[in-house]
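The residues making up each chain are set out below.
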Amino acid sequence: MNRDYLTCREMVELVTEYLEGVMPPRERVIFEAHLAVCPGCTAYFEQMKQTIRLLGKLPEDSIEPEARDTLLHAFRNWKRTTTGEELV
Ligand SMILES: [Zn+2]
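Thresholds applied
- Residues numbered from 1 in each chain as written.
- Predicted model: local features only at pLDDT ≥ 70, side-chain atom pairs only at ≥ 80, totals over all residues.
- pLDDT = per-residue confidence, 0-100.
- Helix = DSSP H or I, 4+ residues; strand = E, 2+ residues; numbered from the N terminus.
- Expected span 1.5 Å × (residues − 1).
- Bend = angle between axes of the 7 residues up to and from the residue.
- Buried ≥ 20, exposed ≤ 12 C-beta atoms within 10 Å, placed from the backbone.

**Considerations on the confidence of the model for the protein**
- Mean pLDDT over the protein stands at 81; residues scoring 70 or higher make up 64%.
- The least confident element of the protein, judged by mean pLDDT, is helix H4 (residues 65–83) at 65; the most confident is helix H2 (residues 25–37) at 96.

**Some details on helix H1 (residues 8–20)**
- For H1, which comprises 13 residues, the first-to-last C-alpha distance of 19 Å matches the rise-based estimate of 18 Å (1.5 Å per residue) to within 8%.
- The axis of H1 is deflected most strongly, by about 45 degrees, at Leu14.
- All of the buried residues in H1 are Cys8, Met11, Val12 and Val15.
- Gly21 lies just past H1 and shows a positive phi near 75 degrees.

Listed below in structure tokens is the structure:
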């Protein structure tokens, strides 16, 4: 990764990697920086942690594609209404 930011879509894709502890330190910093400024991803992240705590492990297939789309759509709307920015 040559960028110093992550999009919300990438956050959703990388959350399991982060929670598994297999993410490189540099990326973890970027991941945490995004969490600090993005309520949508923070909510998703907390939900994933909760799920893992309940299951005692990472779910095999954590999100259905449809659920993921819904989530990303919600993020997009949130971004638009609060910052006027479009998701990348
Ligand atoms: Zn985000």
